[in-house]
Structures are given as C-alpha cells and as structure tokens.
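Remarks on the overall topology
Okay, here's what each chain looks like letter by letter:
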Amino acid sequence: MQNKQIFATKGNLIASKKSLATAKMGYELMDRKRNILIREMMTLVDKVKLLRNEITQAYSTGYYLLQQANISTGIISNLANQVTVENTVKLTYRSVMGVEIPTVKYTPNNNVKIEYGLEESNSRVDEAYVQFQKVKELTMLIAEVDNSVYRLANAIRKTQKRANALKNIVIPELEETIKFISESLEEKEREEFSRLKVIKANKEKQRMKEVA
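In what follows, the accompanying structure is described. (Residues numbered from 1 in each chain as written. Predicted model: local features only at pLDDT ≥ 70, side-chain atom pairs only at ≥ 80, totals over all residues. Heavy atoms only, no water.)

Summed over the entire model, instances satisfying the criterion amount to 2 aromatic pairs. Where Tyr59 meets Tyr63, the ring centres are 5.9 Å apart and the plane angle is 20°; that geometry is what we call stacked. Residue Tyr59 and its partner Tyr63 are both found in helix α1 (residues 10–73); the two are separated by 4 residues, about one turn of the helix. Assessed through its relative accessible area of 30%, Tyr59 is described here as partly exposed. Look at Tyr63 and Phe132: their rings are 5.6 Å apart centre to centre, the planes differ by 75°, and that puts the pair in the edge-to-face class. Taken together, the residues Tyr63 in helix α1 and Phe132 in helix α3 (residues 123–211) connect sequence positions 69 residues apart. Feature note: the residues Tyr59, Tyr63 and Phe132 constitute an aromatic cluster, connected by ring pairs. (Phe/Tyr/Trp six-rings, centres within 6.5 Å; stacked < 30°, edge-to-face > 60°. Helix = DSSP H or I, 4+ residues; strand = E, 2+ residues; numbered from the N terminus. Buried < 20%, exposed > 50% of the residue type's maximum accessible area, 1.4 Å probe, protein only.)

Rendered as structure tokens:
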C-alpha cells in the first residue's frame with residue numbers, strides 16, 4: 001500500500017494533511033462546477049425540445065409552400081440560384097465555468113428582401129421564400145443550442161470523472177496515509193516514553209546503590 005512507502009515523520013504528516021485539505025477543496029470545486037454545468041445544460045435541453053417542435057413545423061410548412069410554388073410556376077431552381085449565400089452569420093463564445101459555449105450572432109431582417117425577379121415568380125414563391133428564411137434562422141439557433149449541450153455534456157463527464165477520482169481514490173489514500181503516519185508516530189512516542197522510564201528506573205537503582 002502507498003502509506004507503507006512513506007516515512008512516518010512529522011514533516012510527511014503535515015504535508016499529507018495539507019494535500020488532503022487541497023484534495024477536499026478540489027472535490028468541492030469540481031462538485032460545484034458539475035452542478036452549475038448540469039443546470040446550464042438542462043436549461044438548454046428544455047430549449048432544444050421547444051426548438052425541435054418549432055423547426056419541425058417550420059420545415060413542414062416550408063416544404064408545403066415550396067410544393068405549391070413548384071406547382072404554380074414550375075421548377076423554381078433558377079429562382080433559387082439567384083438568392084445569395086448567407087454570409088452575415090458570426091460565431092462568438094461565452095464561458096460557463098471554463099467551458100466555451102458558442103453563440104450565433106445573426107440579426108434577422110424583418111423586411112425580407114426579394115432577390116429574384118418578380119416577373120418570374122408569384123405570391124406562392126414569395127411565401128415559400130419567406131418561410132425558409134424563418135427555417136434558416138431556426139436552424140442556426142438549434143445548431144447553437146445542440147452544440148452547447150454537447151460541449152456541456154462532455155465537460156460534465158470529465159468533471160464527474162475527476163471528482164470521482166478525488167472522492168474515491170485520492171482522498172481515501174491520503175486519509176489512510178495520515179492514519180498510518182499518525183499511528184506510527186504515536187507508537188514511536190510510546191516506545192520513547194517506555195525507554196525513558198526504563199532509563200530513569202535504572203538511574204534510580206544506580207543512585208540507591210551508591211547511597212547504600
């Protein structure tokens with residue numbers, strides 16, 4: 001065992017007690033971090049559920065409107081090619097207990113700009129276009145939340161692993177080491193006390209002989 005490899009000295013006892021105090025503090029911090037991360041993740045999980053329902057409905061409506069647009073104008077791939085690729089999305093990060101959580105920066109345009117020729121389209125096409133703008137925004141939002149949940153879950157797993165190592169391995173080993181050193185020092189003190197008593201008794205006998 002580890003404690004048998006350690007010399008039973010007061011210096012090692014003091015060092016082991018300091019290490020134990022540090023380990024216990026580390027466990028408390030890890031446990032607190034884990035709880036905060038779990039609360040943050042559960043908030044996002046609830047948000048994901050709502051977003052998934054919303055985006056499912058948005059896609060369903062969007063594909064229906066797209067089908068209606070195709071029926072009324074024919075295949076609209078030429079119109080789709082006229083729509084520019086979205087390049088205004090920015091990604092930043094916020095820190096939650098040291099975990100970098102992504103945040104999508106995007107300012108939705110309430111006044112949607114029609115980028116294709118009006119003479120080639122009709123109101124059905126416009127409705128589908130506006131609906132898929134909403135789908136795009138929801139997709140960015142759910143991607144942000146999904147990625148955040150993944151990062152938090154990964155951080156929780158690592159934090160839990162470290163907390164378990166401190167609680168189940170490091171702290172018990174240090175407590176066992178402290179017990180071993182303390183008992184060894186107490187035994188040495190008893191032996192030293194007994195030795196001194198014998199020496200004192202022998203000296204007393206020698207003195208009595210000399211007096212006699």
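There's plenty left to go through after this.
What follows is about the pattern of salt bridges. Inspection of the entire model under this criterion finds 7 salt bridges. A salt bridge links Arg34 to Asp31; its shortest N-O distance comes to 2.2 Å. Of this pair, Arg34 and Asp31 are both found in helix α1, 3 residues apart, which corresponds to roughly one turn of the helix. The class for Arg34 is buried, based on a relative accessible area of 17%. Linking Glu192 and Arg195 is a salt bridge whose minimum nitrogen-to-oxygen distance equals 2.7 Å. Of the two residues, Glu192 and Arg195 both sit in helix α3, 3 residues apart, roughly one turn of that helix. (Salt bridge = Lys/Arg side-chain N within 4 Å of Asp/Glu carboxyl O.)

Within the largest apolar cluster, 18 residues are counted, with the highest numbers of intra-cluster contacts made by Leu37, Val99, Val145, Val149 and Leu152. Of all the secondary-structure elements, those providing two or more residues to this core are α1, β2 (99–105) and α3. Excluding residues that lie within four positions of it along the chain, Leu37 makes contacts with Val96, Met97, Val99, Leu152, Ala155, Ile156 and Thr159. Counting 10 residues, the second largest nonpolar core, distinct from the first, contains Ala8, Leu166, Ile171 and Leu174. (Core = buried A, V, L, I, M, F, W, Y, C linked by side-chain atoms within 4.5 Å. Contact = heavy atoms within 4.5 Å.)

This brings us to the pairing of strand β1 (residues 90–96). Where β1 lies against β2, 7 bridges are found, and the strand directions are antiparallel. Bridge pairing in β2 links Ser95 to Glu100. Once β1 ends, the chain turns through 2 residues before running back antiparallel as β2, passing Met97 with a positive phi of about 55°. (Pairing = 2+ DSSP bridges.)

Moving on to α1. In this model, α1 (64 residues) spans 90 Å end to end at C-alpha, consistent with the 94 Å of a helix rising 1.5 Å per residue. In the segment just after α1, Gly74 is the residue with positive phi, at about 90°. (Expected span 1.5 Å × (residues − 1).)

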